[in-house]
Amino acid sequence: MAHATATADVTALDPQSKRTSSIPEVKAKLLEGKRGLVVGIANESSIAWGCARAFRAFGAEVAVTYLNEKARKYVEPLAQELEAPIIMPLDTRIPGQMEAVFEEISKKWGNLDFLVHSIAFSPKEALHGRVVDVPQDGFAATMDVSCWTFIRMAHLAEPLMPKGGTIFTMTYYGSQMVVKNYNIMGVAKAALECAVRYIAAELGPKGIRVHAISPGPLATRAASGIPEFDALLDKARLQAPTRSLVSIDDVGAATAFLAHDAARLITGETLYVDGGYHIID
Ligand SMILES: NC(=O)c1ccc[n+]([C@@H]2O[C@H](COP(=O)([O-])OP(=O)(O)OC[C@H]3O[C@@H](n4cnc5c(N)ncnc54)[C@H](O)[C@@H]3O)[C@@H](O)[C@H]2O)c1
């Protein structure tokens, strides 16, 4: 449990400042001794990178994956920065790769304290059309990568969390409200949030907590696949109660907080890290 106080640099509270400097300033190693897997780092804009960096800054050890050889050169230097003892390829559409990652963790660490699932995908033909027109294969691919992989990763993490743990996934407000251009991904995120609640209920008796984190819009590679994404950013900036956009560090710090033992009775949540945007009409 915590005994020290996190000394996050106060510049973190100033939206005008260079916010990325805040997390490395954290002095209290509130997650020291914990070990976790972060899936979804593509580059230094990835939400998964914000999470991995926050967990590491709070003292946790972090294992990471990269999608394929093309992605490896971007992820490897970030893994080095994290001093990640495990870095492995993981394309969930390649049979066996997911199992191999969890087997390696089991061999090397024996157990796992947290898992961050931060991946989503929808083929262009599916994502860019109306929900009512979506073809079966586009729907299946969207649901497979964006929802089923979370369910499967939770399944593989469960035996590695005999003393409890925390499992996270990333969702978006387009699951709750019709957000222009979010389309079939909104349907997948609604299923994902529902899966979070069921799995939280199923694994809760074992001390395993499960959360969806719902960040406001962030300019990442995945986001670049959504038409008129800049309009979403502008709207968030103007309407969020905080009048600011979130950063990947904001998302990382909130996620890391929920992995702390102090949050042991919080589970099944969808936590908005969006400057309060979701409460505004
Ligand atoms: N960017 C936003 O505005 C925003 C807002 C809310 C939620 N999210 C969610 O956050 C998560 C991370 O996205 P991001 O915005 O950081 O973008 P990103 O492009 O940095 O990350 C997406 C990741 O998904 C991975 N991925 C895609 N298909 C995969 C597969 N078959 N196997 C393994 N990995 C695969 C990519 O390699 C990449 O690392 C996604 O679930 C996204 O829907 C994003």
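A few points on the structure.

Cut-offs and rules
- Within each chain, residues carry numbers counting from 1 in the order of the written sequence.
- Side-chain atom pairs in this predicted model are given and counted only at pLDDT of 80 or more, local residue features only at pLDDT of at least 70, and totals for whole chains, interfaces and linings cover all residues.
- Computation of side-chain values: all heavy atoms of the structure, hydrogens and water removed.
- Residues grouped as a nonpolar core are buried Ala, Val, Leu, Ile, Met, Phe, Trp, Tyr and Cys residues, joined through side-chain atoms within 4.5 Å.
- For every residue, the accessible area (1.4 Å probe, protein chains only) is compared with the maximum for its type, and the residue is labelled buried under 20%, exposed over 50%, or partly exposed between those bounds.
- Secondary structure elements follow DSSP: runs of H or I of four or more residues count as helices, runs of E of two or more count as strands, with numbering from the N terminus.
- Note on terminology: near, applied to a residue and a molecule or strand, indicates that one of the residue's heavy atoms is within 4 Å of it.
- We call two N or O atoms a polar contact when they sit within 3.5 Å, provided that within protein one can donate a hydrogen and the other can accept it, with sequence-adjacent residues counted only if both atoms are side-chain atoms.
- In short, Shrake-Rupley with a 1.4 Å probe defines the accessible areas, and a residue's cover is counted only from the protein chains shown.
- When residues are grouped by polarity, Ala, Val, Leu, Ile, Met, Phe, Trp, Tyr, Cys and Pro land in nonpolar, Asp, Glu, Lys and Arg in charged, and all others, Gly among them, in polar.
- Only Phe, Tyr and Trp rings are paired, with Trp represented by its six-membered ring, and only when their centres lie within 6.5 Å; those with planes under 30 degrees apart are stacked, over 60 edge-to-face, the remainder tilted.

All right, on to the nonpolar core then. Counting 36 residues, the largest nonpolar core has Val38, Ile41, Phe55, Val64, Val116 and Val251 as its most contacted members. For this core, the secondary-structure elements that each account for two or more residues are helix 1 (47-57), strand 2 (61-66), helix 2 (69-81), strand 4 (114-117), strand 5 (165-170) and helix 8 (248-259). Sorting elements by how many residues they give to this core places helix 1 first, with seven residues.

This part takes up the site of the ligand. What surrounds the ligand is a group of 28 residues, the closest being Gly40, Ser46, Ile47, Leu218 and Thr220. Lys189 places a polar side-chain atom, nitrogen or oxygen, 2.9 Å from an oxygen atom of the ligand. In this structure, Ala222 approaches the ligand through a main-chain N or O atom, which is 2.9 Å from an oxygen atom. With the chains in place, 92% of the 810 Å² that the ligand exposes on its own is no longer accessible. Considered class by class, the residues forming the shell around the ligand number 17 nonpolar, seven polar and four charged.

Going through the model one piece at a time under the given rule, you end up with five aromatic pairs. A ring pair is formed by Tyr173 and Tyr277, whose centres lie 5.8 Å apart and whose planes are at 90°; its orientation type is edge-to-face. One end of the pair, Tyr173, is in the loop between strand 5 and helix 6 (183-203); the other, Tyr277, is in the segment after strand 7 (270-273), and 104 residues separate them in sequence. The same class applies to Tyr173 as to Tyr277, namely buried. Aromatic ring contacts, followed pair by pair, group Phe55, Phe114 and Phe168 into a single cluster.

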